[in-house]
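So the chains spell out like this:
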Amino acid sequence: MSRALIVVDVQNDFCEGGSLAVTGGAAVARDVSSYLREHADRYAAVVATRDWHAPLPDTNDGHFATDAEPDYETTWPVHCVAETVGAEYHPDLQLPPATVHVRKGQSRQDYSGFAGEVVGAQGARLTEVLTAAGVTEVDVVGLATDHCVTATALDARADGFDATVLVDLTAAVALPTTLRAAARLSQGGVSVTTVEPPA
């Protein structure tokens, strides 16, 4: 069986100093990079996803809160606008040269990397690319645990991959949504574990 690592949305706007910062985002960038340096041989493929939203006045199918305060569950401040610094990967995220890149949320609401478009693959979806590479299992890391990481892991499982969230290589927005996400992952057949066993 072949395994892929999916690195979800480790972007400037989701890290400290960004417009939708997740506490611990920069640490996730560093930790994922360290993990890849040590364990790249575990993976037949490495995937990195990015939010890639259209700028205002496009509201990305209601994703950006423009007329009211964001609720931080379904509506959000403007973030990760295509071709801006905020949409770029965090500078501490070091990815291998052969990484498969996925852009999602182009003028619509996308949380899962499996809903996005694989860059340079002529419209191919992530499931198709992973299947062609012989991948049957995926590990999911990145930002944020309670939103795009969970959505990506659940879609991976729904598309027939064995899916695991490496929770110590993620960071979350808030405790209530994280608890709900944990229940959804369990119900969806996604494993949740840590890179290193607890001491």
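Residues numbered from 1 in each chain as written. Predicted model: local features only at pLDDT ≥ 70, side-chain atom pairs only at ≥ 80, totals over all residues. Heavy atoms only, no water.

Caption draft 1: Spatial organisation of a negative patch on the surface. Residues Asp31, Glu38, Asp168 and Glu196 make up a contiguous surface patch of negative charge. With respect to the helices and strands, the residue Asp31 is situated in helix H1 (residues 25-39). A relative accessible area of 39% places Asp31 in the partly exposed class. (Patch = residues over 30% accessible without salt bridge, like charges linked within 9 Å, V, L, I, M, F, W, Y side chains within 5 Å. Areas by Shrake-Rupley, 256 points an atom, 1.4 Å probe, with all protein chains shown as cover. Salt bridge = Lys/Arg side-chain N within 4 Å of Asp/Glu carboxyl O. Lys, Arg positive; Asp, Glu negative; His and termini not counted. Charge placed at Lys NZ, Arg CZ, Asp CG, Glu CD. Helix = DSSP H or I, 4+ residues; strand = E, 2+ residues; numbered from the N terminus. Buried < 20%, exposed > 50% of the residue type's maximum accessible area, 1.4 Å probe, protein only.)

Caption draft 2: Structural view of the packing of aromatic side chains. One pass over the full model with this rule turns up three aromatic pairs. For the pair Phe114 and Phe161, a centre-to-centre distance of 6.1 Å together with 35° between the ring planes defines the contact as tilted. Of this pair, Phe114 sits in the loop between strand E3 (100-104) and strand E4 (117-118) while Phe161 sits in the loop between helix H3 (145-158) and strand E6 (162-171), placing them 47 residues apart in sequence. Taken individually, Phe114 and Phe161 each receive the classification buried, so the pair is uniform in this respect. Here Arg50 stacks its cationic end above the ring of Tyr89, 4.4 Å away from the centre of that ring. (Phe/Tyr/Trp six-rings, centres within 6.5 Å; stacked < 30°, edge-to-face > 60°. Lys NZ or Arg CZ within 6 Å of the ring centre and 35° of its normal.)

Caption draft 3: Just the side chain of Asp139, in detail. By the element assignment, Asp139 lies in strand E5 (residues 135-143). Take Asp139: its relative accessible area is 7%, and that puts it in the buried class. Only 2.5 Å separates the side chain of Asp139 from the side chain of Arg3, close enough to count as a polar contact. (Polar contact = N/O pair within 3.5 Å; in protein donor to acceptor, adjacent residues only side chain to side chain.)

Caption draft 4: Structural detail: the pairing of E6. Of all the ten residues making up E6, seven are buried; the element is thus mostly covered by neighbouring parts of the structure. Across six bridges, the pairing between E5 and E6 is parallel. Bridge pairing in E6 places Leu143 opposite Ala171. In this fold, the crossover linking E5 to E6 by way of H3 has right-handed handedness. As for the winding sense of the linkage, the β-α-β connection from E6 through helix H4 (residues 175-187) to strand E7 (residues 191-193) is right-handed. (Pairing = 2+ DSSP bridges. Right-handed = clockwise from strand over helix to strand, strands pointing away.)

Caption draft 5: Looking closely at H3. End to end, H3 covers 18 Å across 14 residues, agreeing with the expected 20 Å (1.5 Å per residue, within 8%). Across the 14 residues of H3, eleven count as buried, placing the element largely inside the fold. All of the buried residues along H3 are Thr145, Asp146, His147, Cys148, Val149, Thr150, Ala151, Thr152, Ala153, Leu154 and Ala156. The first or second residue beyond H3 is Gly160, which carries a positive phi of 100°. (Expected span 1.5 Å × (residues − 1).)

Caption draft 6: Region of interest: the layout of surface pockets. By volume, the largest pocket is sized at about 190 Å³. Looking at the lining of the largest pocket element by element, the count peaks at four residues for H4. Taken together, the residues of the lining of the largest pocket break down into three nonpolar, three polar and four charged. (1 Å grid on protein atoms, 1.4 Å probe; cavity = no way out; pocket = protein on both sides within 12 Å on 5 of 7 lines; lining within 4 Å. Points joined across faces, edges and corners; volume = space filled by probe spheres on them. Nonpolar A, V, L, I, M, F, W, Y, C, P; charged D, E, K, R; others polar.)

Caption draft 7: View of H1. With 15 residues, H1 should cover 21 Å at 1.5 Å per step; its first-to-last C-alpha distance of 21 Å lies within 8% of that length. Within H1, burial applies to Gly25, Ala26, Val28, Ala29, Val32, Ser33, Tyr35, Leu36 and His39. If you follow the buried residues of H1, they end up packed against strand E1 (2-8), strand E2 (45-51), E5 and E6. (Contact = heavy atoms within 4.5 Å.)

Caption draft 8: Molecular detail of the nonpolar core. In this structure, Leu5, Val7, Val10, Val32, Leu93, Val141 and Leu143 are the most contacted members of the largest nonpolar core, which totals 27 residues. Taken together, the elements giving at least two residues each to this core come down to E1, H1, E2, E5 and E6. At five residues, H1 tops the list of elements feeding residues into this core. Not counting chain neighbours up to four residues away, the residues in contact with Leu93 comprise Val7, Val10, Ala29, Val32 and Ser33. Among the nonpolar cores identified, the runner-up in size contains 24 residues, and Phe114, Val149, Ala153 and Phe161 belong to it. (Core = buried A, V, L, I, M, F, W, Y, C linked by side-chain atoms within 4.5 Å.)

Caption draft 9: View of the sheet that holds E2. The strand order E4-E3-E2-E1-E5-E6-E7 describes an open sheet built from seven strands, whose pairing is mixed. Of all strands in the sheet, those with a lone pairing partner are E4 and E7, marking the two edges. For E3 and E4, the ladder comprises two bridges, and the chain directions are antiparallel. Among the inter-strand pairings, Val102 is bridged to a residue of E4, identified as Val118. Strands in contact with H1 are E1, E2, E5 and E6; relative to E6, the strand with the most contacts, it is inclined by about 125°. (Axes fitted to C-alpha atoms, helices over the stretch in contact; angles between N-to-C directions.)

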